[in-house]
Amino acid sequence: MEFLSSCASSSSSQRFAFFNVQHQNTLSSRATVKSQVLPWNFSVVGLGRSTRLSADGRERILGCNCGSNRVLLFRQSWRYHSCLASSFDLISLNYRYVFNRNIYQVNFRRIRSSLGKFRQRFSVKLARVMVCVMLVMSVSSTFGGTPSQALTEENLLFLEAWRTIDRAYIDKTFNGQSWFRYRENALRNEPMNTREETYTAIKKMLATLGDPFTRFLEPEKFKSLQSGTQGALTGVGLSIGYRTNVDGPAGLVVISAAPGGPAERAGITSGDVLLAIDDTTTESMGIYDAAERLQGPEGSSVQLTVQSGPSVKQLDLVREKVAINPVKSRICELPGSGDDSSKIGYIKLTSFTQKASGAVKEAIDYLRSNKVNAFVLDLRDNSGGLFPEGVEIAKIWLDKGVIVYICDSRGVRDIYDSDGSSSIAASEPLAVLVNKGTASASEILAGALKDNKRAILFGEPTYGKGKIQSVFKLSDGSGLAVTVARYETPAHIDIDKVGVIPDRPLPASFPKDGEGFCSCFEDAASACNVNRLQLFSR
């Protein structure tokens, strides 16, 4: 080994040289040193193993010299006293004395063999330590968690609900909490000895999400929800929602009243505020709790306190089975005579049930057979329903184009669009009527038709429910309604709490039924009159 010294300073103070060491199997050179004693201790620290040997098999290492133009070749007698770090191969060597009398030989193979044995022993010990740590962690996990064999039937139902939220819920931060930690704490601390206690634990878990639309449904409520989407419901025929503005009285807002139902016959309309149900205030009541109170056995009565404008009234309504017919149609004939007369097909869509898209197709076929040449789609007071039905109805009217963007917390995750294969009415002039009772799936439909410039929207801003829920059935017949996504219109507008903004307003006296609608076309002197040009031209 040869040390090349080139230190300009002649100071006798202690110095350090940092060098890289690399040993090769072929290394067998021996260093010969001249006799000279250095009067000071010289420490050298080596880091790494990347430098290469010189062509003659010797390693050149920058050293330090305290005299000018002197090259010291010396043999080191060292005491190997420190540690070997496996990731850096850190070797600390102390050079204590330098002699000048004898010629010494250094066999680096022996040194390398010693280092190899040390490294091997160190690795074995490290492996044993790691195995012990893993065993300790395994035992800790086994006894710290809840053993699978100790889970009761109630625990399993709770875990089924927890996994459903974990998999489907839109907010993967779960309202800023550790969802796994909540599960473990609940299994340890929440009583789940009866089915009612388990239901309470599930409701408490969902409440931590801070989402009023994600809720638990007992078996009876789950069946009621299913029957409602299938077109039949026993109650008073009201769709209700949360207030989208802070002005006005506290309570729940009426989105729509089912045509011909008890609520509509009593004069309850969209925008009225439901203040109390059977003397129980709705100020802090959830919409699903209110919906449960409104429903009940056929023939039973319920008392409602309703504010309509400045007046407050109390109404006694009798619950009845409300058959939801999602589509009504009518032909409106504009003034004219003979072949010059113009016909408009009026379609009233009240909800998005399982049969809604088929009913719309039938209405279009019927109106076409009567030679209508333009359509009006009335979505006023349509509080929504099944999301897939909203998409299918949009495809009826659109040749091609995006219908809706489905988004989660990370952005767009899915796109629903129309390729024209389901389109049957993509060319005739189309106007769409909306109001503040237009919500959820009907807002998706209205936004798609507006942003694709397929229709002109008339009325007032819609309700503004821009989130989508999916219903999941649990093993005992109960269920979960879970917010799985939010949506944006084709123009990437998030309508949540804002609504779809119409292109033009409607006259304040514009009627909500088909017969009254046609009268506004037939009587040019009426206050609600809208002619064809105003209705269909941009």
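Residues numbered from 1 in each chain as written. Predicted model: local features only at pLDDT ≥ 70, side-chain atom pairs only at ≥ 80, totals over all residues. Heavy atoms only, no water.

A. View of the overall build of the protein chain. Scanning the protein chain from N- to C-terminus turns up 12 helices and 24 strands. In the protein chain, once contacts between residues fewer than 6 apart in sequence are set aside, the share between residues at least 24 apart is 71%. Summed over its atoms, the accessible surface of the protein chain is roughly 28,200 Å², and 51% of this surface lies on carbon and sulfur atoms. (Helix = DSSP H or I, 4+ residues; strand = E, 2+ residues; numbered from the N terminus. Contact = heavy atoms within 4.5 Å. Areas by Shrake-Rupley, 256 points an atom, 1.4 Å probe, with all protein chains shown as cover.)

B. Fine view of the nonpolar core. Counting residues in each nonpolar core, the largest one holds 67 residues, and the members touching the most others are Leu 349, Leu 377 and Trp 397. Residue contributions to this core peak at 7 residues, all from helix H2 (residues 153-168). If you count residues domain by domain, this core takes at least three from each of domain 1 (153-210) and domain 3 (327-470 + 484-536). Dropping the residues within four chain positions of it, Leu 377 is found in contact with Ile 347, Leu 349, Trp 397, Leu 430, Ala 431, Val 432, Leu 433, Leu 445 and Leu 449. (Core = buried A, V, L, I, M, F, W, Y, C linked by side-chain atoms within 4.5 Å. Buried < 20%, exposed > 50% of the residue type's maximum accessible area, 1.4 Å probe, protein only. Domains from an automatic or database assignment.)

C. Up close: the packing of aromatic side chains. Enumeration over the complete set of coordinates arrives at 10 aromatic pairs. Relative to Tyr 182, the ring of Trp 179 lies with its centre 5.9 Å away and its plane at 10°, an arrangement referred to as stacked. On the criterion of helical spacing, the pair formed by Trp 179 and Tyr 182 is a turn pair, its members being 3 residues apart in helix H3 (residues 179-189). Each member of the pair, Trp 179 as well as Tyr 182, is classed as buried. (Phe/Tyr/Trp six-rings, centres within 6.5 Å; stacked < 30°, edge-to-face > 60°.)

D. Broad picture of the pattern of salt bridges. Under the counting rule described, the total for this entry stands at 17 salt bridges. Residue Glu 428 is joined to Arg 368 by a salt bridge in which the shortest nitrogen-to-oxygen separation is 2.9 Å. Taken together, the residues span a long stretch of sequence, with Glu 428 in the loop between strand S20 (411-418) and strand S21 (430-434) and Arg 368 in helix H8 (residues 356-369) at a distance of 60 residues. Glu 488 is the partner of Arg 486 in a salt bridge, and the nearest nitrogen-oxygen pair spans 2.9 Å. A relative accessible area of 23% means that Arg 486 is categorised as partly exposed. One network of salt bridges, with partners in common, ties together Glu 153, Glu 154, Arg 195 and Asp 476. (Salt bridge = Lys/Arg side-chain N within 4 Å of Asp/Glu carboxyl O.)

E. Here's a closer look at the environment of Phe 180. Tracing the sequence through the fold places Phe 180 in helix H3. Sequence separation of Phe 180 and Arg 163 is 17 residues, and the distance between their C-alpha atoms is 10.0 Å. Discounting chain neighbours no more than four positions away, the residues touching Phe 180 are Trp 162 and Asp 166.

F. Spotlight on the side chain of Ser 357. Mapped onto the elements of the fold, Ser 357 is located in helix H8. Ser 357 gets classed as buried once you look at its relative accessible area, which sits at 14%. Ignoring sequence-local partners within four residues, the contact set of Ser 357 consists of Glu 389, Glu 392, Ile 393 and Ile 396.

G. A look at the sheet that holds strand S18 (residues 375-378). Taken in spatial order, the 5 strands of this open sheet run S16-S17-S18-S21-S22, and their pairing is mixed. What marks the edges here is a single partner per strand, and that holds for strand S16 (327-333) and strand S22 (456-459). When the angles between neighbouring strand axes are averaged without regard to direction, this sheet yields 20°. Two elements, strand S17 (residues 343-349) and S18, share 4 bridges in a ladder whose sense is parallel. Bridge assignment links Gly 345 to a residue of S18, and that residue is Phe 375. Across the face of the sheet, H8 comes into contact with S16, S17 and S18 while running at roughly 20° to S16. Contacts from helix H10 (residues 441-451) reach S17, S18, S21 and S22 within the one sheet, and its direction differs from that of S21 by about 140°. (Pairing = 2+ DSSP bridges. Axes fitted to C-alpha atoms, helices over the stretch in contact; angles between N-to-C directions.)

H. Region of the structure containing the packing of H2 against H3. Two elements in contact, H2 and H3, have axes separated by 11 Å at closest approach and are oriented at 170°. One finds that H2 runs roughly antiparallel with respect to H3. Between H2 and H3 lies a crossing of right-handed hand. Contacts between H2 and H3 pair Asn 155, Phe 158, Leu 159, Trp 162, Ile 165 and Asp 166 from the former with Trp 179, Phe 180, Tyr 182, Arg 183, Ala 186 and Leu 187 from the latter. (Parallel < 35°, antiparallel > 145°, perpendicular 65-115°, else oblique. Left-handed = near helix turned anticlockwise from the far one by under 90°.)

I. Region of the structure containing unusual backbone geometry. Positive phi values are uncommon outside glycine, yet Asp 381 reaches one of about 60°. Considering the arrangement of structural elements, one finds Asp 381 in the loop between S18 and helix H9 (387-397). The buried category is assigned to Asp 381, whose relative accessible area is 14%. Positive phi, close to 55°, is recorded for Lys 453, a residue that is not glycine.

J. A look at H9. Burial of H9 is extensive: 8 of the 11 residues sit out of reach of the surface. Every buried residue belonging to H9 is among Phe 387, Glu 389, Gly 390, Val 391, Ile 393, Ala 394, Ile 396 and Trp 397, and all of these are buried.

K. View of helix H11 (residues 514-522). Every buried residue belonging to H11 is among Gly 514, Gly 516, Phe 517, Cys 518, Cys 520 and Phe 521, and all of these are buried. Buried residues along H11 sit against S16, S17, S18, S21 and helix H12 (532-536).

L. Quick peek at the pairing of strand S14 (residues 311-318). Inspection of the sheet shows strand S13 (residues 301-308) paired to S14 by 8 bridges, in the antiparallel sense. Along S14, the bridge assignment pairs Gln 303 with Asp 316. The turn linking S13 back onto S14 is made up of 2 residues, and Gly 309 within it adopts a positive phi angle of 65°.

M. Summary view of a positive patch on the surface. On the surface, a cluster of positive charge is made up of Arg 163, Arg 167, Lys 172 and Arg 413. Mapped onto the secondary structure, Arg 413 falls in strand S20. Looking at Arg 413, the relative accessible area reads 47%, which means it is partly exposed. (Patch = residues over 30% accessible without salt bridge, like charges linked within 9 Å, V, L, I, M, F, W, Y side chains within 5 Å. Lys, Arg positive; Asp, Glu negative; His and termini not counted. Charge placed at Lys NZ, Arg CZ, Asp CG, Glu CD.)

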